[in-house]
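Residue-level structure breakdown
Letter by letter, the chains look like this.
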Amino acid sequence: MVALTAQGQRGTDRPMHVVVPKVAISASPSDERAMLAALNALRTAAGERRLILDASLTTMARRYARTMLEQQFIGHTDPSGHTMADRFRAARVRFRTAGENLAFAPDAGGAERLLEKSPPHRRNLLDRSFSRVGIGAVRAGPHAAAYVQEFAGG
C-alpha cells in the first residue's frame with residue numbers, strides 16, 4: 001500500500017510507477033461512502049466539524065483516481081506535470097485552502113487506516129481550515145484501487 005499527501009506544494013512530487021492489472025476500471029461509490037463515514041468519525045472524535053461532501057471535488061477526485069490507474073502511477077503531479085493546483089483550477093473549484101490525500105490499497109478500509117496513521121495525511125484529515133471534501137475511489141479489479149481525497153476550505 002502507498003499513500004501520498006500534498007497541500008499545494010508545486011513541483012515537489014514526482015509520480016511513482018505502480019503496476020495495475022489490465023482489467024475493467026470502475027468507480028466505487030460504496031468505498032467513497034465508507035471513506036467519508038470514517039473521515040467524519042475521525043474528525044468528530046477529534047472535536048473537529050464534519051466535512052461536507054462536494055460534488056465538484058468528488059468528480060475531480062474520481063477523475064484523478066482513474067487517471068492514476070489508467071496511466072499506472074501514483075503522485076500529486078501527473079506524468080504530464082499537472083499538479084493538484086492545476087486540477088483545482090481546471091475543475092473551477094473555489095477555495096482558500098486545499099489539500100489532497102492519495103492512497104493505493106486493496107480496499108477502502110486499508111486506505112483509510114494508511115492515511116490515518118501517516119502524520120501528513122492525518123493533518124489533512126483533521127485540518128480545521130477544510131470544510132468540504134470530495135472522495136474518489138476507483139477500482140481496478142478486486143485487489144487494487146486508487147483513492148483520492150480532495151479537500152477545500154473557504
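As the structure is a computational prediction, the values presented were derived from the model and not from experiment. Counting of residues starts from 1 at the beginning of each chain's written sequence and follows it residue by residue. At least 70 in pLDDT is required for a residue's local features to be given in this predicted model, at least 80 for side-chain atom pairs to be given and counted, and no such filter applies to totals for whole chains, interfaces and linings, which use all residues. Side-chain measures were taken over the full set of non-hydrogen atoms in the model, leaving aside hydrogen atoms and water.

**Focus: the nonpolar core**
In this description, a nonpolar core means a group of buried Ala, Val, Leu, Ile, Met, Phe, Trp, Tyr and Cys residues linked to one another through side-chain atoms lying within 4.5 Å. Think of it in three bands: residues with accessible area under 20% of the maximum for their type are buried, residues over 50% are exposed, and the middle band is partly exposed, with areas taken using a 1.4 Å probe on protein chains only. With 19 residues, the main nonpolar core has Met-35, Val-133, Tyr-147 and Phe-151 as its most contacted residues. The secondary structure listing takes helices from DSSP runs of H or I that are at least 4 residues long and strands from runs of E that are at least 2 residues long, numbered from the N terminus. Where this core is concerned, the elements lending two or more residues are helix H1 (29-45), strand S6 (97-105), helix H4 (108-117), helix H5 (119-126), strand S7 (132-140) and strand S8 (145-153). Broken down by element, this core gets its largest block of residues, four residues, from H1. With 16 residues, the next largest nonpolar core counts Tyr-64, Ala-65, Phe-104 and Val-138 among its residues.

**Looking at the packing of aromatic side chains**
Each pair of aromatic rings taken from Phe, Tyr and Trp, with Trp reduced to its six-membered ring, is defined by centres within 6.5 Å and is described as stacked if the planes are under 30 degrees apart, edge-to-face if over 60, and tilted in the remaining cases. If you walk through the whole model with that rule in mind, you get three aromatic pairs. Taking the centre distance of 6.0 Å and the plane angle of 70 degrees together, the rings of Tyr-64 and Phe-73 count as edge-to-face. For the residue pair Tyr-64 and Phe-73, the accessibility class agrees, reading buried in each case. With 5.2 Å between their ring centres and 15 degrees between their planes, Phe-130 and Phe-151 make a pair best called stacked. Residue Phe-130 is found in the loop between H5 and S7, and its partner Phe-151 is found in strand S8; the two are separated by 21 residues along the sequence. Judged by relative accessible area, which is 1%, Phe-130 ranks as buried. The exposure class assigned to Phe-151 is buried, which follows from its relative accessible area of 0%. Both a distance and an angle decide whether a charge sits over a ring: NZ of Lys or CZ of Arg must be within 6 Å of the ring centre and within 35 degrees of the ring normal. In this structure, Arg-87 packs its charged tip against the face of Tyr-64, placed 3.5 Å from the ring centre.

**Digging into the environment of Asp-127**
Secondary-structure assignment places Asp-127 in the loop between H5 and S7. By relative accessible area, which is 19% here, Asp-127 ends up buried. Residues Asp-127 and Gly-99, 28 residues apart in the sequence, show an inter-C-alpha distance of 9.3 Å.

**Quick word on the pattern of salt bridges**
What makes a salt bridge here is a side-chain nitrogen of Lys or Arg within 4 Å of a carboxyl oxygen of Asp or Glu, nothing more. For the structure on display, the rule yields seven salt bridges. Between Asp-31 and Arg-139 there is a salt bridge, with its nearest N and O atoms 3.3 Å apart. Of this pair, Asp-31 sits in helix H1 while Arg-139 sits in strand S7; the two residues are 108 residues apart in sequence, bridging distant segments of the chain. Note on accessibility: Asp-31 and Arg-139 belong to one class, buried.

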